[in-house]
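Observations on the three-dimensional arrangement
Here is what each chain is made of, one letter per residue.
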Amino acid sequence: MSELLDTIKEAVVNRKRKEIEGLVSDAIEAGIEPVLIINKGLIEAMDVVGEQFAADDIFVPEMLASALAMKLGLAKVKPLLKTGDQPSLGTVLMGTVRGDMHDIGKNIVNMMLEGAGFTVVDLGVDLTLEKLMEEIENLKPDILGLSALLTITLPEMERAVLEIGEKGLRKNMKIMVGGAPVSKTFAEEIGADGHGEDAAEAVTLAKRLMGK
Amino acid sequence: MKSTSYNLIMSALYKGMKGERPPVGNPTSIVCHGLMDLCGISFPEAHLEPQAMAELALAGHEILGFDTVMPEYSVDQEAAALGCNVDWGNRDRMPDSRHFPYEDFSDVKIPEDFLEKPSMRVVLDALSILRRHVGGKAAIIGKVMGPWTLSYHMVGTQNFLLQIGIEEKEIVHRMIRQLMPATVASARAQFQAGADIVVLADHATGNLVSPRHYEEFLLPIHQELTSTIEGPLILHVCGNCTDRLEMFADAGFDGYHFEWQVDAKTAVEKIGHRMCLVGNVNNPEVLYQGTPEDVYKQVRYAIKAGVDIIGPECAIPLSTPIENLKAIVSAVHEGY
């Protein structure tokens, strides 16, 4: 059994998108529990991918390819999950701030968070404050993740953190920020609860913010 | 050598004689709300009207004291001419496009009237206006997007990078190569219109791709571009590119405009003897959030390190305090 799970893990780490569905089918037919396939095969693989990314052994193209393989494998096994099998680690609302159309970093964080077991709601890019507040009030997420790639949109990130707080929406919600021009210093200065240097750090941070 | 703005920049570009002080310039945008208010011109008209575009660029030299004028504030001029539906934004938001005309990686058709498209025409006309105003007095910098960045615009950044990740190398190579003529045409036209230097922005940044990716997919293309385009070229690649600096020099560019994430001393040590270095005052923490004293410290650090042309690391945040931009100029006027 562990051999099959190892080959699934290896297929995601080594970006074998054409083989992953067959390998996951083999594991299902061999009677391996879907939860195990997800946790020990797919999620552990993305942990490895995250470590490689943080160490600069791989870059965004390879991460996207691994995430694709994981997504294909997950699509094969997720329908077999029984309710309550895989409780979510928490709900994360993700978006890129107003005036910024960039989303690769955010999308990779989304993939890594989902891979780690979070429920992710992606609001997209160029988010007005009004839209953000409306969705926070509707969805009541555990974590809000804000992304910016352009230095010229950093003021929007600052404003969003400030006004969400002033509206009293931070009582049960943490805010994490990230993106190429966003530093830990900037994150602290604007009052965010945490900063992720990269997607792997974002997952670690999200788990820490959830007390896990 | 007279220490005019033009002389200081052009001499520094070729590692030539030093004047009374280091030159101060930015190959990317120094437009902020403060500058817009001072000269009475705002976005989006400065992206769309040549006179407005030129006057806002002139303000950087005449009001702030930068030695360069650079009229192309967005990264979308060629993309619009190639068929993207660009939203030209407003005073608070830079242009962008969420439309990817070739996301299926079909063959790119560069229109025959590419240089006559409105988004190209406005830049060329603005450059000619600038030439009449400051030709020989301030250095006029044009800007083109390289074929890697144009690929992002044509197919979507994530889509493009995914193809690299799943090793569809042939279609990636083909897309880049098909877009090269647009970069060449745009650069040549900008020199002819009045640019002294052209900055070539190609975002194979260290935050996205490895040096190996640059070497395989883009270095040969850049070598071809620098040998084809006759005028002086400054490369701009964002992010931490410390691991590929030597390759940028191998690519044949005359200069490299770099960001704060690359330490100035390291950059000078690695490639300062091979190309002009431009930069690299930090945007988010210093220019946007810092004080004039913070700006002063970074400028003096860069000068001491041996950076040739001092300026912001990239296009500045629109809310940058004007005092901080002026602080770059006054720090440079202290001399070497």
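Residues numbered from 1 in each chain as written. Chains lettered and ligands numbered in written order. Predicted model: local features only at pLDDT ≥ 70, side-chain atom pairs only at ≥ 80, totals over all residues.

Points about unusual backbone geometry
Note the following rule: Starting at the N terminus, helices and strands are each numbered in turn, a helix being any DSSP run of H or I of at least four residues and a strand any DSSP run of E of at least two.
Residue phenylalanine 43 of chain B is joined to proline 44 of chain B through a cis peptide bond whose omega torsion reads 0°. Mapped onto the secondary structure, proline 44 of chain B falls in the loop between α2 (33-39) and α3 (45-48). A cis geometry characterises the amide bond from glycine 279 of chain B onward to asparagine 280 of chain B, with omega recorded as -15°. Although it is not a glycine, arginine 15 of chain A adopts a positive phi angle of roughly 60°.

Things to note about the sheet that holds strand β3 (residues 197-201) of chain B
In a beta sheet, neighbouring strands are held together by backbone hydrogen bonds and run either parallel or antiparallel to one another. All names here are of chain B. The following threshold applies: Here, a strand pair is defined by DSSP locating no fewer than two bridges between the strands. Contact criterion: two residues are in contact if their C-beta atoms, reconstructed from the backbone, are within 7 Å. Fitting a line to C-alpha atoms yields each axis, with helices limited to the stretch in contact; the angle taken between N-to-C directions then spans 0 to 180 degrees.
If you walk across this open sheet you meet the seven strands as β1-β2-β3-β4-β5-β6-β7, and the pairing is parallel. If you trace the sheet from one side to the other, it starts and ends with β1 (68-69) and β7 (309-312), each paired once. Pairing analysis gives five bridges linking strand β2 (residues 139-145) to β3, with the strands arranged parallel. Paired with lysine 143 across the two strands is valine 199, which belongs to β3. The strands touched by helix α9 (residues 169-193) are β2 and β3; relative to β2, the strand with the most contacts, the crossing angle is about 165°.

Things to note about the interface of chain A and chain B
At the junction of the two partners, chain A supplies 23 residues and chain B supplies 28 residues. When residues of the side of chain A that touches chain B are traced back to their parent elements, those giving at least two are α4 (60-77), α5 (104-116), α7 (154-166) and α8 (184-190) of chain A. At six residues, α4 of chain A tops the list of elements feeding residues into the side of chain A that touches chain B.

A look at helix α12 (residues 264-271) of chain B
Residue and element names in this part refer to chain B. Counted only if it meets this: Partly exposed residues are those whose C-beta has more than 12 but fewer than 20 other C-beta atoms within 10 Å; 20 or more makes a residue buried and 12 or fewer makes it exposed, with C-beta atoms placed from the backbone. Directions pointing from the helix axis toward each C-beta atom define the arc.
Among all positions in α12, only Ala264, Ala267 and Ile271 are buried. Take α12 and look down its axis: the buried residues cluster within an arc of 70°, on one side only. Next to the buried residues of α12 lie α11 (245-250), β5 (255-258), β6 (276-281) and α14 (292-305).

Focus on the pairing of strand β2 (residues 119-122) of chain A
Put simply, side chains in a regular strand alternate between the two faces of the sheet. Residue and element names in this part refer to chain A. Quick reminder of the rule: A right-handed crossover is one whose linking path, passing over the helix from the first strand to the second, runs clockwise when the strands point away from the viewer.
Alignment of strand β1 (residues 91-96) against β2, held across four bridges, turns out to be parallel. Looking at the pairing, leucine 93 lines up with valine 121 of β2. The parallel pair β1 and β2, bridged by α5, forms a crossover whose chirality is right-handed.

Observations concerning helix α4 (residues 50-62) of chain B
Residue and element names in this part refer to chain B. Heads up, the rule is: A helix is expected to span 1.5 Å multiplied by its residue count minus one.
Given a rise of 1.5 Å per residue, 13 residues ought to cover 18 Å, and the 18 Å separating the end C-alpha atoms of α4 matches this to within 8%. Burial within α4 is extensive, with 10 of its 13 residues counted as buried. Among all positions of α4, only Ala52, Met53, Ala54, Glu55, Leu56, Ala57, Leu58, Ala59, Gly60 and His61 are buried.

All quantities given are derived from atomic positions and should not be read as evidence of function.
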